[in-house]
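# Breakdown of the fold
In case you want the letters, here they are:
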Amino acid sequence: MVSPSVTPLPRSRGVPDFARAHGLSVPTVYRLIERGELIARKVGRRTLITADDEARWLASLPRLGGTP
């Protein structure tokens, strides 16, 4: 029996990948970072957003509809 291959979630994403994953523009992501709404980290010239910081950002977004 062959087990299905599971692709692990990335531990971090670069800004263009993060923007694409969330339907945002790259400048919008940099504005979120500048305003402190999204935490990012630098590795050399790359700006990375960790999976934990991505989850925190998503949890901070306002909810629409449903019960609070």
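In short, a report on the structure. Because the structure is predicted, anything quoted here is derived from the model rather than measured.

## Describing the pairing of strand β3 (residues 46-50)
When strand β1 (residues 12-14) meets β3, the two strands line up antiparallel, connected through three bridges. Bridge pairing in β3 places arginine 13 opposite isoleucine 49. Both strand β2 (residues 41-43) and β3 contribute to a ladder of three bridges, which runs antiparallel. In the sheet register, lysine 42 faces β3, and the bridge partner there is threonine 47. Linking two consecutive strands that pair antiparallel, namely β2 and β3, is a turn of two residues; a positive phi of about 60° is found at glycine 44 within it.

## Here we look at the sheet that holds β2
In space, the three strands of this open sheet follow the order β1-β3-β2, with antiparallel pairing throughout. Looking at strand neighbours, the two that pair on one side only are β1 and β2, the edges of this open sheet. Between one strand axis and the next, the sheet turns by 40° as a mean value, whatever way the strands run. Each of β1, β2 and β3 touches helix α3 (residues 51-60); the most contacted strand, β3, lies at about 65° to it.

Parameters at a glance
Residues numbered from 1 in each chain as written. Predicted model: local features only at pLDDT ≥ 70, side-chain atom pairs only at ≥ 80, totals over all residues. Heavy atoms only, no water. Pairing = 2+ DSSP bridges. Helix = DSSP H or I, 4+ residues; strand = E, 2+ residues; numbered from the N terminus. Axes fitted to C-alpha atoms, helices over the stretch in contact; angles between N-to-C directions. Contact = heavy atoms within 4.5 Å.

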